[in-house]
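# Fold and contact review
Listed below are the residues making up each chain.
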Amino acid sequence: MADKYTDFVSRGWGRDLAKRLGLPQPVALRRYEPGAPLVPGPVLLIGAGAGADALETALKGWDVEVVRDPAVVPADGGTHDAGASPASSASPAASAGSGRGGAAKLGGIVLALDTVARPEDLSAPILAAGRALRSLAPNARVVTVSRRSSTADEPALAAARAGVDGILRSLAKELRSGATGNGILLAEGVGADAPSALGALRFLLSGRSAFVDGQFVTVGTAKGERPGDPEKPLAGKVAVVTGAARGIGAAIARTLARDGAKVVVVDVPAAGDALAKVANEVRGTALQLDITKPEAGERILEHALGRHGALDILVHNAGVTRDKLLANMDAWRWDSVIAVNIAAQLRINDALLGSGRLGEGFRIVSVASTSGIAGNRGQTNYAASKAGVIGMVRSTAARLAPIGGTANAVAPGFIETEMTAKIPFATREVARRLNSLQQGGLPLDVAEAIAFLASDAAGGISGNVLRVCGQNLVGQ
Ligand code: NAD
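## Observations concerning the environment of Leu 275
- Of note, Leu 275 is situated in helix H8 (residues 272–281).
- Relative accessible area serves as the criterion here: at 0%, Leu 275 is assigned to the buried category.
- Remark: the alpha-carbon pair of Leu 275 and Ser 10, spanning 265 residues in sequence, is separated by 36 Å.
- With sequence-adjacent residues up to four places away left out, Leu 275 is seen in contact with Ala 244, Ala 245, Val 265, Val 266, Asp 267, Ala 286, Leu 287 and Gln 288.

## Some words on a nonpolar patch on the surface
- Among the surface-exposed residues, Val 430, Leu 434, Leu 473 and Val 474 lie close enough to one another that they form a single nonpolar patch of about 330 Å² accessible area.
- Its location among the elements puts Leu 473 in the segment after strand E13 (465–468).

## Observations regarding the domain arrangement of the chain
- Along its sequence, the chain is organised into domain 1 (35–219) and domain 2 (238–468).
- Taking only C-alpha atoms, the centre of domain 1 and the centre of domain 2 are 31 Å apart.
- Domain 1 puts 20 residues into the contact, and the matching count from domain 2 is 23 residues.
- Surface buried jointly by domain 1 and domain 2 totals about 1,700 Å² across both partners, of which 61% is contributed by carbon and sulfur atoms.
- Broken down residue by residue, the surface that domain 1 buries against domain 2 is led by Phe 203, Arg 208 and Phe 211, which jointly contribute 41%.
- Between the two partners, domain 1 and domain 2, sit two salt bridges.
- Across the salt bridge formed by Glu 448 and Arg 208, the nearest N and O atoms sit 3.6 Å from each other.
- Taken together, the connections running from domain 1 to domain 2 amount to five residue pairs in polar contact (both at pLDDT 80 or more).
- Of all the elements in the fold, those that place two or more residues in the side of domain 1 that touches domain 2 are helix H5 (155–174), helix H6 (195–205) and strand E6 (216–219).
- No other element matches H6, which puts five residues into the side of domain 1 that touches domain 2.
- Taken together, the residues that form the side of domain 1 that touches domain 2 break down as 11 nonpolar, six polar and three charged.

Quick notes on the rules
- Residues numbered from 1 in each chain as written.
- Predicted model: local features only at pLDDT ≥ 70, side-chain atom pairs only at ≥ 80, totals over all residues.
- Heavy atoms only, no water.
- Helix = DSSP H or I, 4+ residues; strand = E, 2+ residues; numbered from the N terminus.
- Buried < 20%, exposed > 50% of the residue type's maximum accessible area, 1.4 Å probe, protein only.
- Contact = heavy atoms within 4.5 Å.
- Patch = residues over 30% accessible without salt bridge, like charges linked within 9 Å, V, L, I, M, F, W, Y side chains within 5 Å.
- Areas by Shrake-Rupley, 256 points an atom, 1.4 Å probe, with all protein chains shown as cover.
- Salt bridge = Lys/Arg side-chain N within 4 Å of Asp/Glu carboxyl O.
- Domains from an automatic or database assignment.
- Buried area = accessible area lost by both parts, 1.4 Å probe.
- Polar contact = N/O pair within 3.5 Å; in protein donor to acceptor, adjacent residues only side chain to side chain.
- Nonpolar A, V, L, I, M, F, W, Y, C, P; charged D, E, K, R; others polar.

Listed below in structure tokens is the structure:
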């Protein structure tokens, strides 16, 4: 699972060789550490109006230094060597224009674009952001905050709003040195200061979103709450995680527990020993259960309510692959993948939603896959199930709305797990590098996105599919 190539090109002559040959040069990504600053330097906030002012207030509340005037950020980032590498770590420190002279590089750029009405309105803020790119620190963040375009918009307004999509996805591909670009889309009537808009901004600026790149989070309503303690956003919640004996599921269990939740870990009886270890580690409880059993929903509910008195969060993570080209596909491969990856989730959701025993604000987060979005050779069965997960959460989001609940999916790309370690070397290397961050993600990266979507701050985010893929360059 170790990414030896990244180690090799990160230092000494390996780094020089990779540079000379023009090979990918992935860097160690900035990940969440308790107590660490939200961003690695001041944030340039571009834009005017009530939305921008609300974002400034929030940023300052998170102890982030805010620069409002792009003109004070040096256009060359204090270096003349950053042409191909806007966030180059090789650049000397440049003034962020904070009035401190020679201060830290920018930790991020936030673009408040919620008032754009015509494509021409994009010119000034986007070009200002462009001039500041060379002043970004390694692992910095660019986040746009704009309005979702809809068919109800008149054409120029729809064009301006949709234009942000093309800008952000292209910009994210231009960033280097672990920097990422992501966007927040506000539905009509939702302000930039809505709890979920600010929750998404905090997540996207932080180390928790290390492997989320080139993506948009849509905030559909002004629901959601600001967390009491941002370091323990799941305090007091009871969460169930399926397929938690190893891999991504175990990482999800650890992350939800780190964030304050009481966690029930679920896996097949054959994985009982590993499951018990994870349960002990997270100080939770284990439920040995094959999720394809007809009574799985009732068993989960009884365990969570009986042992912990509540069920607030359900993470559908358990999944299997049985790859074969469709020409060679057999019924066992097809049916078993559908049974575990989607049919079981549907049945469990039906049992829980039909029980009348769920509390306000119940959260479902399902693990999909980029294979379910872009397709993958040899994975018609798997892609059917994962695309099915995406369809399911969109439909379930509407069913949960009356109790203030949400349903979302996270779609991982290439993640370093036992599953991907088995891929032949050459194929694995290609799959690993073909994203904007030029490396595989960690199970923790998927877990962080799930923890965010499960939090109270994300109460206004439902029916979303958040890709954790480093901005895969292949497919949709
Ligand atoms: P994994 O095989 O390491 O772990 C899956 C876990 O699910 C195992 O512990 C397994 O015992 C459990 N499980 C399988 N069938 C079950 C059943 N019927 N009942 C209960 N538990 C069951 O896989 P992983 O790589 O950690 O993947 C976790 C999820 O992430 C899966 O849904 C997978 O499709 C998805 N995913 C993984 C990647 C990746 O790169 N690893 C990429 C995209 C999506």
